[in-house]
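# Residue-level structure breakdown
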Amino acid sequence: MKLRKSAAVAVAVLALTATACGGKEGSAGDKPAVKPGDSSAPQLPKYIVATDVKLESPTFKEAQKRGKLLIGSKADQPYLGFEDQSTKERSGFDVEIAKMIAAGLGFTEDKIEWETIDSKSRESTISAGKIDYYVGTYTINDKRKAQVGFAGPYYKAGADLLVRKDETAITGPQSVKGKKVCSITGSTPLQEIKKPEYGAQTVELGKYSDCVQQLLTKQVDAVTTDDAILKGYAAANAGKLKVVGKPFTEEPYGVGMNKDDKVLRDKISDILEANIKDGTYKKIYEATLGLSGSEYTEPPALVRY
């Protein structure tokens, strides 16, 4: 299966190049991850592609006219949203959630065109209509809701800290005073760790993998972002990195889209709800993010924004 092959390559490459980050201690980073190629690895479900979908949605109608969906995603997050540079195949939890939604809208996988969108460019890209929707560890908050629409939340993460395996001084956000903590520009965990109460020296970079590289080479003391992201990176750097396991924020992930397209927003919410109820969502989780060693938990209740 494409995801398993691509994810296996992703883990191998990240482990060799040391460009990954960590997971929740005791669930990823300490607990051995299941390699995507292992016979014991769960299989992805087959998505049922809807037929004769009709929506009074300008975004949907434009997608139908062009004959494909434009989906925004991350490309450097193992087990979540990762693009293999040799095959250009994408894999991970968010990627599969995006494919599941596409099927519910009547689009097969070969009718998807992926766009890698950095965190700092998400709102402007969505508002400009350059993509139809975005799935990529996208935290729902009031500031963003003023600019884009959301369906979800489909997952709840929390900001945590990734440190080197032998680190003992950093035990949570209250212990980073004077420490160099890296995150990416535009992320909500970066804004949180910048607060004076923590006293951290923040380092802002463009990619999480760059932050992790600096952690491995001891240029920074910790990396902060959502624990969901850290789980994949920790699994890819087993024995080198760990997650402190003290989440200090709540990060509800949503599917971002045009703010004024309520019809599409409601339809995607319907698709999420149906696939959570019938078990498809759980199968996706277990075959992607669950491979990092992270235990499955029920998703949060959907909110009609």
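Rules of the game
- Residues numbered from 1 in each chain as written.
- Predicted model: local features only at pLDDT ≥ 70, side-chain atom pairs only at ≥ 80, totals over all residues.
- Heavy atoms only, no water.
- Disulfide = S-S within 2.5 Å.
- Helix = DSSP H or I, 4+ residues; strand = E, 2+ residues; numbered from the N terminus.
- Buried < 20%, exposed > 50% of the residue type's maximum accessible area, 1.4 Å probe, protein only.
- Pairing = 2+ DSSP bridges.
- Axes fitted to C-alpha atoms, helices over the stretch in contact; angles between N-to-C directions.
- Contact = heavy atoms within 4.5 Å.
- Phe/Tyr/Trp six-rings, centres within 6.5 Å; stacked < 30°, edge-to-face > 60°.
- pLDDT = per-residue confidence, 0-100.
- 1 Å grid on protein atoms, 1.4 Å probe; cavity = no way out; pocket = protein on both sides within 12 Å on 5 of 7 lines; lining within 4 Å.
- Points joined across faces, edges and corners; volume = space filled by probe spheres on them.
- Nonpolar A, V, L, I, M, F, W, Y, C, P; charged D, E, K, R; others polar.

### Focus on the state of the cysteines
The full count for this structure, using the stated rule, is 1 disulfide. Shown here is the disulfide that connects C182 with C211, its sulfur atoms set 2.1 Å apart. Looking along the S-S bond of the C182-C211 disulfide, the torsion reads about -65°, which is the left-handed sense. With C182 in strand β9 (residues 180-184) and C211 in helix α7 (residues 208-216), this pair connects stretches of sequence that are 29 residues apart. In this pair, the class of C182 matches that of C211, namely buried.

### Focus on the sheet that holds β9
In space, the 5 strands of this open sheet follow the order β10-β9-β11-β8-β12, with mixed pairing throughout. Unpaired on one side and paired on the other, β10 (201-205) and β12 (241-243) mark the two borders of the sheet. Geometrically, the sheet is characterised by an average inter-axis angle of 30° between neighbouring strands, direction not taken into account. Bridge count for strand β8 (residues 159-164) against β12 is 3 bridges, and the pairing is antiparallel. The partner of L162 across the bridge, within β12, is V243. Each of β8, β9, β10, β11 (222-226) and β12 touches α7; the most contacted strand, β11, lies at about 150° to it. Where helix α8 (residues 227-236) meets the sheet, it contacts β8, β11 and β12, and its direction lies at approximately 125° from that of β11.

### Description of the packing of aromatic side chains
Throughout the structure, instances matching the rule amount to 13 aromatic pairs. Pairing F60 with F107 gives two aromatic rings, centres 6.3 Å apart and planes at 85°, and the pair type is edge-to-face. Of this pair, F60 sits in helix α2 (residues 58-66) while F107 is found in the loop between α3 (93-104) and β5 (112-116), placing the two residues 47 residues apart along the sequence. By way of ring pairs, the aromatic residues F93, Y154, Y155, Y253, Y281, Y285 and Y296 are connected into one cluster.

### What to know about the environment of I284
Summarising the element assignment, I284 is placed in helix α10 (residues 280-287). The class of I284 is buried, set by a relative accessible area of 0%. Taking C-alpha positions, I284 is 6.7 Å from E96, a pair spaced 188 residues apart along the chain. In this structure, I284 is in contact with L44, P45, Y47, F93, E96, I97 and M100, ignoring residues within four places of it in sequence.

### Points about the confidence of the model for the protein chain
Of all residues in the protein chain, 87% attain a pLDDT of 70 or more, and the chain-wide mean is 87. Scored below 50 in pLDDT, residues 1-31 makes 103 contacts in the model with residues more than four places away or belonging to other chains.

### Quick notes on unusual backbone geometry
Between G152 and the following residue, P153, the backbone shows a cis peptide bond with an omega angle of 0°. Unlike most non-glycine residues, K88 shows phi in positive territory, near 65°. Among the structural elements, K88 can be located in the loop between β3 (81-83) and β4 (90-91). Judged by relative accessible area, K88 falls into the partly exposed class, the value being 49%. Phi angles above zero are rare outside glycine, and T137 is one such case at about 45°. With respect to the helices, strands and loops of the structure, T137 is situated in the loop between β6 (133-134) and α5 (142-145).

### A word on the environment of K46
Inspection of the secondary structure puts K46 in the loop between α1 (2-17) and α2. On the accessibility criterion, K46 (80% relative accessible area) is exposed. For K46 and A103, which are 57 residues apart along the polypeptide, the C-alpha to C-alpha distance reads 9.9 Å.

### Let's talk about empty space enclosed by the protein
Summed over all chains, the structure comprises 4 cavities of 30 Å³ or more. Approximately 60 Å³ is the volume found for the largest cavity. Looking at the lining of the largest cavity residue by residue, the classes come out as 3 nonpolar, 6 polar and 4 charged.

### Some remarks on the pairing of strand β7 (residues 149-157)
Here β7 lies mainly inside the structure; 8 of its 9 residues are buried. Bridging between β7 and strand β13 (residues 251-257) involves 6 bridges; their strand directions are antiparallel. Opposite A151, over in β13, you have V255 as the bridge partner.

### Some words on the sheet that holds β4
Pairing is antiparallel across the open sheet formed by 3 strands, whose spatial order is β2-β3-β4. Each of the sheet's edge strands pairs with one partner strand only, and the pair in question is β2 (76-77) and β4. One ladder, built from 2 bridges, connects β3 with β4; its direction is antiparallel. What sits directly across from F82, in β4, is S91.

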